[in-house]
Amino acid sequence: MPKEYNHLSIEKKWQKEWERKKTFQAKSKGKKYYSLMEFPYPSGDGLHTGHVRGYTAMDVISRKRRMEDFNVLFPIGWDAFGLPTENYAIKTGIQPAIVTKTNTDNFRKQFKGLGMSFDWSREINTTDPKYYKWTQWIFLQMFKNGLAYKKKMSINWCPKDKIGLANEEVVGGCCERCGTPVEKREKEQWMLAITKYADRLDKDLDLVDYLPQIKTQQRNWIGRSEGAEIDFFCQCQKDKIKVFTTRPDTLFGVTYIVLAPEHKMVGKLLEFLKNRQEVENYIKSVSTKSAIDRMDDKKEKTGVEMKGIRVINPANGELVPIFIADYVLADYGTGAVMAVPAHDDRDFEFAQKYNLPIREVIVPKVTDQTELPRADKKTVERNAIHAIIIDPKTKKILTLRWKKFPWTTFVTGGVEGGEDVIEAARREILEETGYSELKYIKTLGGPVECHFYAEHKDENRKAHFSTIVFELASEKRAIVTEDEKNKHEVAWMSWQELKSDKNLKCAEFFIWDDRFNNPVHAFCDEGVSINSGEFNGLSSEDVKKKITEFAGGKWVETFKLRDWIFSRQRYWGEPIPTVFCENCKKRISNFQFPISNKNSKSEFSEGELANPGWIAIPEKDLPLVLPKVKNYKPTDTGESPLADISSWVNTKCPQCGGKARRETDTMPNWAGSSWYYLRYADPKNSKKFADPKNLKYFTPVDWYNGGMEHTTLHLLYSRFWHKFLYDQKLVPTKEPYQKRTSHGMILAENGEKMSKSRGNVINPDDIVKMYGADTLRVYEMFMGPFDQAIAWDTNSISGSRRFLERVWRLQFKVARGTLANEKNKALATTETLLHKTIQKVTDDIETMHFNTAISAMMILVNEFEKAEKVSREQYEKLILLLSPFAPHIAEELWQVVGNKKSLSAQKWPKADPKKMKESEVSFVVQINGKVRAQMTVPAGQTQDEAVSLAQKMPDVDKWLSGKKIVKTIHIQDRLLNFVIV
RNA sequence: GCCGGGAUGAUGUAAUUGGUAAACAUGCAGCACUCAAAAUGCUGUGAUCGCAAGGUCGUGGGAGUUCAAGUCUCCCUCCCGGCACCA
C-alpha cells in the first residue's frame, strides 16, 4: 500500500478504469437526469481555467445524481464551426477539418485528464456531415414554413481585407484583425423570423427555472412593451402615417411627428415637398454614416422638416409638421413617432434645437404623505400660487413662520376669478407681507397638482400650484392687517436652509427645487392631464387606452428583438441548402399564389413563395457537404470562398431542372448549437435528428449551465429553434432547458481578463500535472462563489492540495473492525458533525455553493484529525461526499479501505436528523445587546433556566449589580439579552 | 441614461436569513522536527488603549427601525456586468 498520495498514478489508473468499464454511459431505463454544460468551441489553445469551472460544476451535479439513483445523461461534443479555425486555415493553408480534428483530440484528452464523467459514446461534432445534415434539415423546415427569408441588410465590410465581417469580428467599430474602421455594405442576407416567437420567448420564461438575472436579461433583450398605434392622416386625407407610442396620454401635446430616414412614406411624399433637395441630401448623409459616426452623433440630434406637407393630430384636429431624423429607428415600432417635447427628453432636445412649440399636457401629481386627504372631508379644488421672493442683497428667500402650526411656507394663496397667476402672487405677497415693489423673474414651469388635507380650513384640497419667482425691488412695506400678523411672521432663509427645514409645508417642494435650480427640461413621468379636452383632470394611466380609442388607434405589443441575420460570407460553416432559379422565380410571379392560403395546391412551399426564385434542395440530398477549397479567403466582392467554385455554384434546379445557382452563404456558428442537446438523446440516428422515443425519455435538459455571455444569443436562439420544432411536433416539450445557471469568469491573477496577448493565461494542463486534476477541481470549486467573477491565485491552490493530502493521510487512522461509540468518545462528537456536514454538502451542491460545501468538509477533516481513531463508516461517508469533487482520490481511498466496487455505484449518504442535534450548545449572555459572557450549556434550556444560569456567572453579575432589568430576551440555544437601566 | 449584481481582515471569502462578525482557506510571524532546507505539526494574526484583567471601536459613507443590523428602510459614493436615441 503506497503511503504517499501520488496523484499522477491514481488519476491515470481511475481514468482508464472508468473508460474500460464504461462507468458513465447513460442507460435507457430508470429515472433520468439530463445535465448539460455548454459544449466548447475547440480552439487551438486548448481548455482554459474557465472551462474547468463550469464543467467541474456540472460533473459534480452529475456524479451526485448518479449516486442518487438517477440514470444520468451527461454528454459532450464540439461546437467546431467558426472563425478562429477558418482564420488559422487562411494563415496556414491547413484544412479546417484537419485543424478541428487536432483540436478536438486535444480537448478530449484534456477532459479525460480532468476526470469528467461524460458519456463518451454520445460525442458529437457540429462539423460532421452526419450531424450538420440535421442542422440543414431543420433550416429547411423553417424555410418551408416561411420563417427563413432573404432581405437586403447592411453588413460590416473591411475595406482593407475586402471581407465581410460578422458582428463578433467588429471591435469598437473596427476590423478585429487589421484595425481598419468598418464600413457598411448592402447585401442580401438570410434572416430567421425569431420575432414571430418574441411573445412566447418572453412569456414562457415563466415555465422555467432560470437564475433571475438570466430571465431579466432575456426579457430586456426581447424588450416587450405595450402601447398604442395611432394614425396621423395627411392633409390630403389619403396617406396616413402610423406611429407607435407608449404614452398616448400625451397625444394632445404632439407638436410634430418624426419619421426614420428609411421610412417607406418618405419616398412617397418626396414629390410633394417644397424642399425635396434638402430632404434627399439629408437621407443620403445619414445612409453613408458609419456605425462609429452614428454613435458619435448621439450627442446632438439632427433632422430636417418635410416642408409643404402636414399631418392631422387625430386628438384635436391640429395640423403639425413632419420631420425626418435619424434619432428615430426604422425597425422599431412603426418607424415613426409622434413628438411630445414637453414630456419626452429626446423630443424636447429636438424641439429646442429646431425651435418647435412645446405644449404641456401632463402635470405632476403629488399627494402629501404627512397630511393625507381624509375620506370624511369634502374636497375643494382650486388654483393656487407659491411666491418665491428673493432678496437680491442676501440671496435669501422670504418664508412665513406660522404661529398656530409648526409650519414654514412660501407666500401661498388661491387664484381669484379674472386674475392670472402673477397678479395673484403679487396680491398675496402684499396682503401677507406688505411688500409691494417686486420684480418678476420667472414662473417655474406649469402647475403641479397637489392633494392634501388642509388642517387650518378642515377640508381636503386638490390644488393646482404654480410657483412664481420675484426679486425684491425695494424693502418698502405696506401695513399688514392684524389678522394676517396673527397668522404668521416673515422669515428669510437661504435655499439650503429651506431644503433642510423639517417644518417646510410643501409636499411638492422637490419639484420646485428641481425647477428652481435646473434648466427647463421635459417632464417624462405620468401625472394628470391638462390641455387635453374632455380628458382634463384624469390621470395618465386612466386615459391611455381612452385617448387611443378616441383617436381611432389600436392597443398593441412591440418588441425590441430583431430578426436573426443568419448568413455568413464565410467558408467554415454549414452550407445553406437552397438554390436560386430565375425560371422558377418567373413561374411563381406568373402564378400569383396567395401565400397565406395553404390549401392552394402548389409545387412550391410557403418559404419558396415568400422568397421567389429561392428553392429548397430536396431533403434526400442532405447533407449538402461543404466542398474542399484551395483558398479559404473570402472573394474580392465579399462573397464566401464557395462563390469561387463554379462547379459547386452552378447546379440544377430541383424544381424545374433548369439552371440554378447555389447559395454560397453559410450558417453562423449559432446554428449547430441551437439544437445539439437534442442530438445527444440519439446521436447516431441517420433517419431522424433524434428518435421521438429517445427525446421523450431524455428531454428536456434538467440542468443547463453556461456562460453569462450566451444569455442573449445562444440561449435565446436555441429556445427559438426548440419552440419551432415543438410547433412542428418534433420535440415533446415547449422549452429545451428546465433550469439554467451561469458561472462567473475566472480572471488572471491581476484581476484582468486572461488572454494570450496579455500573457497571463494559466494552462490547466500544468496544474493537473503538478497538483493533480482533483486538486484543480477542488480549488476551482472552493475559490469563491460560483456565479461571481474571480481572480486566479496560484498560491491558494496548495490549500486544496493540502486538504486532499489530509484526507489521504486519514486512511491510516481508520479503525480496523467496528468501533463502538462508547469506546471512543471522540467518535460520538464527530458523528454529530459528520451528519451536519452531510446535510450541508448535500444542500450546497444543489444551490451551487460549492465553496461552502468544501469548507464544511475541511472542518470535518480537521475534526477527524483531532480524534484518536476514525471509524470506517465515518471515513467512507466523507469519501462519498468528496467523490463528486475529487473523484480519483475518492475512488482510490474507497478501494484502500476495502471496497471492491467503484463508489460511483454507491448511494449518496443521507443525513440522520436525530444525529445532527447537538447535546451541548455555546450560549451567549448579552447586556444591552453587548456580549458579556459565554457558557456551554445543555441544549434546550428554558428562559428561566437560562436566566438562573446566567445570573450565577460573575461576568454577568458584574454588569447587573445595582441595575434594574427592564426586559429579558431569550433565544433558545443561542442567547439571552438583559436590557438594563 | 436605464436594468441587474456588488462593496466585510493583508488576500479569496463565510455568517443557521435580524441573534457571539470574520468560519474555511491563503499569506505573514513565532515555535517544534532538521546539520540545513523543503514538507509537516503547533501557536498567533481586525484596529486601538492597557503591564494585565479588561475596555472601546469595527462589515463603503450618512440617517432610521429594533432589546439586537453585515443582514431590514431611506439617502449618498464607488466598482463590476448588460443594454443603450427602443418612442
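Residues numbered from 1 in each chain as written. Chains lettered and ligands numbered in written order. Predicted model: local features only at pLDDT ≥ 70, side-chain atom pairs only at ≥ 80, totals over all residues. Heavy atoms only, no water.

### Some points on the protein's contact with RNA strand B
Thr246, Lys301, Arg346, Ser922 and Arg974 are the nearest of the 49 residues found near RNA strand B. Atoms of RNA strand B within 4 Å of the protein: sugar and phosphate make up 60%, bases the balance. Here Arg562 contributes a side-chain N or O atom positioned 3.3 Å from a base nitrogen of RNA strand B. Between a base oxygen of RNA strand B and a side-chain N or O atom of Gln934, the distance comes to 3.2 Å. (Near = heavy atom within 4 Å. Polar contact = N/O pair within 3.5 Å; in protein donor to acceptor, adjacent residues only side chain to side chain.)

### Quick look at the sheet that holds strand β6 (residues 163–165)
Spatial strand order, β6-β5-β9-β29: four strands in an open sheet with antiparallel pairing. Unpaired on one side and paired on the other, β6 and β29 (564–565) mark the two borders of the sheet. Packed onto the sheet, helix α5 (residues 129–144) meets β5 (148–158) and β9 (183–192) and runs at close to 90 degrees relative to β9. (Pairing = 2+ DSSP bridges. Helix = DSSP H or I, 4+ residues; strand = E, 2+ residues; numbered from the N terminus. Contact = heavy atoms within 4.5 Å. Axes fitted to C-alpha atoms, helices over the stretch in contact; angles between N-to-C directions.)

### Topic: the confidence of the model for chain A
Summary statistics for chain A give a mean pLDDT of 90 and a share of 96% for residues scoring 70 or more. For this predicted complex, the interface confidence comes out at an ipTM of 0.95, alongside a pTM of 0.92. (pLDDT = per-residue confidence, 0-100.)

### A word on the nonpolar core
If you look at the biggest cluster of nonpolar residues, it comprises 83 residues, and the most contacted ones within it are Phe139, Phe689 and Trp721. With nine residues, α5 is the single largest residue contributor to this core. If we ignore the near neighbours within four places in the chain, the residues touching Phe689 are Trp134, Trp137, Trp675, Leu678, Arg679, Asp682, Leu695, Leu725, Leu730 and Val731. The next biggest cluster of nonpolar side chains, apart from the first, holds 80 residues, and it includes Met58, Met67, Tyr771 and Trp792. (Core = buried A, V, L, I, M, F, W, Y, C linked by side-chain atoms within 4.5 Å. Buried < 20%, exposed > 50% of the residue type's maximum accessible area, 1.4 Å probe, protein only.)

### Overview of unusual backbone geometry
With an omega dihedral of 0 degrees, the bond running from Leu622 to Pro623 counts as a cis peptide bond. Along the chain, Pro623 falls in the loop between β31 (614–616) and α19 (646–649). Between Thr699 and the following residue, Pro700, the backbone shows a cis peptide bond with an omega angle of 0 degrees. Counting through the fold element by element, Pro700 comes out in the loop between α21 (692–698) and β34 (703–707). In this model, Asn928 sits at a positive phi of 50 degrees, which is unusual for a non-glycine residue. Tracing the backbone through its elements, the reader meets Asn928 in the loop between β38 (920–927) and β39 (930–938).

### Looking at the pairing of β39
As judged from the eight bridges shared by β38 and β39, these two strands associate in the antiparallel manner. Considered in β39, the bridge of Val924 is made with Gln934. Here β38 folds back onto β39 in antiparallel fashion, the turn holding two residues, of which Asn928 has a positive phi close to 50 degrees.

### Quick notes on the pattern of salt bridges
Across all of its chains, the model carries 65 salt bridges by this definition. The partner of Asp45 in a salt bridge is Lys756, and the shortest N-O contact between them spans 3.1 Å. Of this pair, Asp45 sits in the loop between β1 (32–37) and α2 (49–67) while Lys756 sits in the loop between β36 (746–747) and α23 (764–770), and the two are 711 residues apart along the sequence. The exposure class assigned to Lys756 is exposed, which follows from its relative accessible area of 64%. (Salt bridge = Lys/Arg side-chain N within 4 Å of Asp/Glu carboxyl O.)

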